[in-house]
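# Working through the structure, step by step
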Amino acid sequence: MKSYIRIVAVVALIYVIGVILLIIFTGNLTSGNNSTKGEVSALNDIARTAESNRTDLSILDKYSFDFDYIIVDMTQNILYTSSSRDLSQEKITVETAIQNHYPYIYLKSGDKIWGCLIELDDGLSSVRRIRNRFIIGISLAGLMIIIAMAGFGLYINQNVIAPFRNMKDFAGKVAQGNLDEPLAMDRGNMFGAFSESFDIMREELAQSRKRELELQKKERELVASLSHDLKTPVTGIKLTAELMQMRLSVKKEQDAKALISLEEIDVLSADAEGIRQKAEQIDALVSDLFTTTLDDLGEFKVTLNDEDSSVITSLVESYDNRKLVTTEEIPKVVLSIDKNRMGQVIGNVISNSYKYADTRIDISYRLSEGYLEMEIKDYGPGVPSEELDLITNKFYRGKDWQETDKEGNGLGLYIAKTLMQKMNGDLVAESDGDGLSITLIIPLS
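The paragraphs below set out a description of the structure included in this document. Each chain carries its own residue numbering, running from 1 in the direction its sequence is written. Residue-level local features of this predicted model are given only where pLDDT is at least 70; pairs of side-chain atoms are given and counted only at 80 or more, and the full residue set underlies all totals for whole chains, interfaces and linings. To get the side-chain values, all heavy atoms of the structure are used, and hydrogens and water are removed first.

### A closer look at the pattern of salt bridges
Salt bridges are defined by distance alone: a side-chain nitrogen of Lys or Arg within 4 Å of a carboxyl oxygen of Asp or Glu. The tally for this structure, following the rule as stated, stands at 6 salt bridges. Its salt-bridge partner being Glu373, residue Arg366 comes within 2.8 Å of it at the nearest N-O pair. The residue Asp426 makes a salt bridge to Lys417 at a minimum N-O spacing of 2.9 Å. Only protein chains enter the accessibility calculation, which uses a 1.4 Å probe; a residue whose area is less than 20% of its type maximum is buried, one above 50% is exposed, and one in between is partly exposed. For Asp426, a relative accessible area of 24% translates into the label partly exposed. Each of Arg366, Glu373 and Glu375 takes part in one network of salt bridges that share partners.

Below is the structure:
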């Protein structure tokens, strides 16, 4: 904006200079009338002198005037001339003077006219000079204004049109997906800030595309990882089932009526438990893959219903397979939750504690402004403070666990937090160096 003001000031200065020049070159416009009056007065003086010195007109040589003149008698003979040019070939008479608009004065002696004083000019020379000066002044002023306009046009082209053209070309490149070429910026033009904003937008789009590609890569890796993880329990199930089938076949061949011993029952029970555990692993892996896929599709649906708080106790018991949970009595309130989704949240939190802490788990409750806060605390190694805000991100696993043999894909707490938020609650993670505390903020009805 400052440069624009400077340009306007320069244009105004040039315009003022042009006006001043016009005034200077046309300054004699009013003095031209005085000049014309002076010539008329001089002609009268010449006429009086000639009339007084009819017999000796050479006395006029003593006088000098800014114009040429002649004196002719009534027979058109030249009696006197102040002009240095040869007038012998020119027939200057009163008639020609009238035709050429030459000023003239009849010379008298008494009442008798004996000659005529003729100015060899039409008396408009000063007017012509003024006219010429006026034309020159107008031309110079116009030329300066044109130069100023041309300079202003160059300024507009450089600081307005060219930046717009660059931004148009830049927008076309962005639309084509070219996000690597930066937008040339010039802070000197009035659109410098816009140019910088456009380039920041390009950088953000480039980063967004990079993040999207990384996310797609992680999702492909997740699918590959889950596919690989699914093979292990499936293989175990097949082997256990084949072993059970083989044992039953051998027993049948030995004695169809023989009873199964307690030892054999224990073996078959262990095999069945192995199958059940493998099936649970498959179910957990498929559930994680299915829920994260639904979330990406925007179909992570939650149906809220009023539930008695005792349902939380039942859900905890159902997911506490290893009997590591100690829970205090829950307040008797009515909750607004999706029971199935709430079970999924509690199951993911307890499963994470089993996997990474492998300690006892304490659950406590407290009421706070329309919410029931459920704290699930273990006593494992905990989580570094700089990672607390990250452990609920999709596919994030703590740095201490990435290179270990602990299985995981970074979805458990992400799914739990997402579901809590969809139920109008939240999930908050805290770690004080003595384990990890997950607080579920559950809305009351």
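On we go.
### Side note on the environment of Gly115
Here Gly115 lies in strand S4 (residues 112-119). For the pair formed by Gly115 and Ile105, sequence separation is 10 residues and the distance between their alpha carbons is 8.7 Å. Only heavy atoms enter the contact rule, under which two residues are in contact if any of them lie within 4.5 Å. Residues in contact with Gly115, not counting those within four places in the same chain, are Val72, Asp73, Met74, Ile105, Tyr106 and Leu107. Only DSSP runs of H or I covering at least 4 residues are called helices, and only runs of E covering at least 2 are called strands; the numbering of each starts at the N terminus.

### Here's the deal with the sheet that holds strand S8 (residues 361-368)
For two strands to pair, DSSP has to find at least two bridges joining them. Strand order in the open sheet made by the 5 strands is S6-S8-S9-S11-S10, with mixed pairing throughout. On the outer flanks of this sheet lie strand S6 (325-327) and strand S10 (426-430), each paired with one strand and no other. Direction aside, neighbouring strands of the sheet carry axes that sit 20° apart on average. When strand S9 (residues 371-377) meets strand S11 (residues 437-443), the two strands line up antiparallel, connected through 7 bridges. Paired with Met374 across the bridge in S11 is Leu440. Each axis is a line fitted through C-alpha atoms, and for a helix only the stretch in contact is used; angles between axes span 0 to 180 degrees, taken between their N-to-C directions. Strands in contact with helix H10 (residues 412-422) are S10 and S11; relative to S10, the strand with the most contacts, it is inclined by about 140°.

### Some thoughts on the packing of aromatic side chains
Centres within 6.5 Å are what make two rings of Phe, Tyr or Trp a pair, Trp counting through its six-membered ring; a difference in plane orientation under 30 degrees is then read as stacked, over 60 as edge-to-face, and the rest as tilted. For the structure on display, the rule yields 2 aromatic pairs. Measuring from centroid to centroid gives 6.0 Å for Tyr69 and Tyr80, while their planes differ by 35°, and the two rings are tilted. Here Tyr69 is found in strand S1 (residues 69-73), whereas its partner Tyr80 is found in strand S2 (residues 78-81), with 11 residues between them in sequence. Both residues of the pair, Tyr69 and Tyr80, belong to the buried class. On the basis of an interplanar angle of 80° and a centroid distance of 5.8 Å, the ring pair of Tyr104 and Tyr106 is categorised as edge-to-face. Lying over the aromatic face of Tyr354, Arg322 brings its terminal NZ or CZ to 5.1 Å of the ring centre. It is Arg360 that lies over the ring of Tyr379; its NZ or CZ is 4.1 Å from the centre. The rule for a charge over a ring is simple: NZ of Lys or CZ of Arg within 6 Å of the ring centre, and within 35 degrees of the ring normal.

### Some points on the nonpolar core
Grouped together as the largest cluster of nonpolar side chains are 38 residues, with contacts concentrated most on Ile312, Met342, Ile346, Met374, Leu440 and Ile442. Residue assignment for this core shows that the elements contributing at least two residues are helix H7 (310-319), strand S7 (334-337), helix H8 (339-356), S8, S9, H10, S10 and S11. Discounting chain neighbours no more than four positions away, the residues touching Ile442 are Ile312, Leu335, Ile337, Met342, Gly370, Tyr371, Leu372, Met374 and Met420. Residues Leu43, Ala47, Leu60 and Phe67 belong to the second largest nonpolar core, which totals 15 residues. Joining through side-chain atoms within 4.5 Å is the link that ties buried Ala, Val, Leu, Ile, Met, Phe, Trp, Tyr and Cys residues into a set, and such a set is a nonpolar core.

### Some words on unusual backbone geometry
Positive phi, close to 55°, is recorded for Lys323, a residue that is not glycine. Relative to the assigned elements, Lys323 resides in the loop between H7 and S6. The class of Lys323 is exposed, set by a relative accessible area of 64%.

### Some points on the sheet that holds S1
Ordered in space as S2-S1-S4-S3, the 4 strands form an open sheet in which the pairing is antiparallel. The sheet terminates laterally at S2 and strand S3 (104-109), the two strands that pair on one side only. The average angle at which neighbouring strand axes cross in this sheet is 20°, direction not considered. The pairing of S1 with S4 spans 5 bridges and is antiparallel. Residue pairing across strands places Ile71 opposite Leu117, the latter belonging to S4.

### Let's talk about the side chain of Arg341
As for its placement among the helices and strands, Arg341 is situated in helix H8. Counted as positive: Lys and Arg. Counted as negative: Asp and Glu. His and the chain ends are not counted at all. One buried charged residue, Arg341, remains without a salt bridge, the closest side chain of opposite sign being Asp338 at 4.8 Å. A distance of 3.1 Å separates a polar atom in the side chain of Arg341 from a polar atom in the side chain of Gln344. Polar contacts, as counted here, are pairs of nitrogen or oxygen atoms within 3.5 Å of one another; within protein the pair requires one atom able to donate a hydrogen and one able to accept it, and residues that are adjacent in sequence qualify only if both atoms are side-chain atoms.

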